[in-house]
Amino acid sequence: MAVLEEQRSLCEDLERLEQACADRILEEPKTIRDRLARDHQICKFVDRFQQQSQRLLTLKTDTDGNLQKELDSLTTHDPFEEFYKQLATMKSFHRRYPNEPVENLERAYRRRPPGENGVIPDYLSEIDSMFTGEESNGRFFDLTQSHEEYLNLPSVKRITYLQYMSVFDKFMQFNRSQKMNEKYFQYLTGVANYLESFLRRTRPLDDPDKIVAKIESEFTQAWEKGQVPNWGKNGPEATVKVEESNNGADSVELFCFACQKGFSNKNVYDHHTSSKKHKKNAAALDQTASSNGINQDIAQKAELAHLKDRAIAEREWRITKLTELMKEQRDATTTNVERKQSLTERERQMELEALYAESSEAPQTAGDGDGSDDDGDDDSKIYNPLKLPLAWDGKPIPYWLYKLHGLGVEFPCEICGNFVYMGRRAFDKHFNEHRHIHGLRCLGITNTTLFREITKIDEAQRLWEKLEGDKKRLKVQAETVEEMEDAQGNVMPRKVFEDLQKQGLL
């Protein structure tokens, strides 16, 4: 493609992207699902706009000189000669590639209404796969996995999920020995990554990268000034931290840097400071500091401990700030958990059905908006884009029930003529049905009870041959058995007779 034509195409693409963003901003989404779909579409358009702008700027700078060469050929030579040359090039290209698709920018950025042609658009499907059922399209947190990891931390009191929602961003209850545990670091990393991912999924237009970078810069400044909560500047020998315990009393945590050991009892710590081992380690630490780091091993350990402290403190800071930023979702999650705990199983099932009906209502109304007023036709048309099985009332079953029974998993059976059974329940049930039994009888198999879980013809024939061979072998062995009779007239195999005779029972 010529440089000028490529610039023209890029300018057209930028204008259409700008118009597509403007059209979507003017929309008023009715549901949170539609709002998220619109925001993510706009975010993708903005990213593409930046890429195309950077590409256009590179062509404008003309670092390789191709643009100037093309301008010179148009101005100094015959313009019609250059035109026919490019026309011949285009004809030659399309002659070699007659089926080359043409990019239609107008169609690419045109918004397709939900329910068009009975298919859910891709932008709505992306939103459905982006969130879990517990998150409900970004309205609530889903920290169930983090709650399980929290309960598996050492020396942690077991709390419910509702209690966890109010304390997952508070770290005063952990002492230094607990924070130095590798499981604690992995737990913090998981919570921080989840909150950052939740922010990117629910607020794509708020520039999540800028928000995360701001949080990191604020942490760096606070760390350098020693203003990070629970992570003040530590002295060369020990640090004392007073924290409020659950019963209202004060517990003191002490840490000895000379021996790299923590203490929860002040009497034990005082006894430790007067021991010979502590004095020896403290003297070695002082000697290292006075001799400009002769012992590099201790210095490296101190540096590694400092880096690990900074990494743990950074994750705690990020969790706290992101939770403050998404306080509304946290409060809504707490309220939702309390409400769900008060519901019965039937009420939860009805709620799930209502949520599914609400999510499918908008595409259905959009697809039916063709001006027809025939109530009979509206009742006969059932919106079922996911091809779900129908219930007893003729309506599709709920999607959660479809996933629960695994109806989306296919189980083919070669014996039944490559018939495909949807779901494990139907697959297990078909072994006693006429189709499968008839297929086995066509293969010459009469005993069908031993052929469960076998769907291949080759496997069934080999198993039947083995069973028949074993049956014949047993029959031959039974015919060739030598029988003996005792004095009382009892008939028995020769081996049994000899064993009883050796034992003196005959």
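Here's what I pulled together on the structure shown here. These numbers were taken from a predicted model, which means no experiment stands behind them. (Residues numbered from 1 in each chain as written. Predicted model: local features only at pLDDT ≥ 70, side-chain atom pairs only at ≥ 80, totals over all residues. Heavy atoms only, no water.)

**Details of the overall build of the protein chain**
We count it as follows: Think of it this way: any DSSP run of H or I at least four residues long counts as a helix, any run of E at least two long counts as a strand, and we number them from the N terminus. Think of it in three bands: with a 1.4 Å probe and only protein chains considered, a residue is buried below 20% of the maximum accessible area for its type, exposed above 50%, and partly exposed in between. We get accessible surface area from the Shrake-Rupley algorithm with a probe of 1.4 Å; when it comes to residues, only the shown protein chains can shield them.
Scanning the protein chain for helices and strands turns up 22 helices and seven strands. Taking all 506 residues of the protein chain together, 30% fall into the buried category. When the accessible surface of the protein chain is totalled, it reaches about 33,700 Å², and 52% of it is carbon and sulfur.

**Some thoughts on the nonpolar core**
Spelled out, the test is: By nonpolar core we mean a set of buried residues, namely Ala, Val, Leu, Ile, Met, Phe, Trp, Tyr and Cys, connected to one another through side-chain atoms within 4.5 Å. Any two residues having at least one pair of non-hydrogen atoms within 4.5 Å are treated as being in contact.
The biggest cluster of nonpolar side chains holds 37 residues, and the ones touching the most others in it are Phe 141, Tyr 150, Tyr 164, Phe 168 and Leu 195. Mapped by element, the contributors of at least two residues to this core are α7 (144-151), α8 (161-167), α10 (182-202), α11 (208-225) and α14 (296-325). When residues of this core are assigned to their parent elements, the largest contribution, ten residues, is made by α10. Contacts of Phe 168, omitting those with residues within four sequence positions, involve Phe 141, Leu 143, Tyr 187, Val 191, Leu 195, Ile 319, Thr 323 and Arg 330. Judged by nonpolar contacts, the second largest core, of 13 residues, contains Cys 413, Cys 416, Leu 440 and Trp 464.

**Let's talk about the pairing of strand β5 (residues 419-422)**
Spelled out, the test is: A pair of strands is treated as paired once DSSP finds two or more bridges between them.
Both strand β4 (residues 410-413) and β5 contribute to a ladder of four bridges, which runs antiparallel. Residue pairing in the sheet places Pro 412 in a bridge with Val 420 of β5. The antiparallel hairpin formed by β4 and β5 contains five residues in its connecting segment, where Gly 417 sits at a positive phi of about 80 degrees.

**Re the packing of aromatic side chains**
The following threshold applies: For Phe, Tyr and Trp, where Trp contributes only its six-membered ring, two rings pair if their centres lie within 6.5 Å, and the inter-plane angle classes them as stacked under 30 degrees, edge-to-face over 60, or tilted in between. For a lysine, the NZ atom is tested; for an arginine, the CZ atom; a charge sits over a ring if that atom is within 6 Å of the ring centre and within 35 degrees of the ring normal.
If you walk through the whole model with that rule in mind, you get 18 aromatic pairs. When the centroid spacing of 5.1 Å and the interplanar angle of 50 degrees are considered together, the rings of Phe 93 and Tyr 97 count as tilted. By relative accessible area, which is 32% here, Phe 93 ends up partly exposed. On the numbers, 4.9 Å between centres and 25 degrees between planes, the contact of Phe 411 with Phe 427 is stacked. Note that Phe 411 is positioned in strand β4 and Phe 427 in helix α19 (residues 424-429), a separation of 16 residues in sequence. As far as the burial class goes, Phe 411 and Phe 427 line up, both buried. Cluster of aromatic residues (ring-pair linked, three or more members): Tyr 150, Tyr 164, Phe 168, Phe 174, Tyr 184 and Tyr 187. Over the ring of Trp 317 we find Lys 321; its NZ or CZ atom is 4.8 Å from the centre of that ring. Above the ring of Phe 419, the side-chain terminus of Arg 435 is found at 4.1 Å from the ring centroid.

From the geometry alone we can't say anything about function, so treat these as descriptive.
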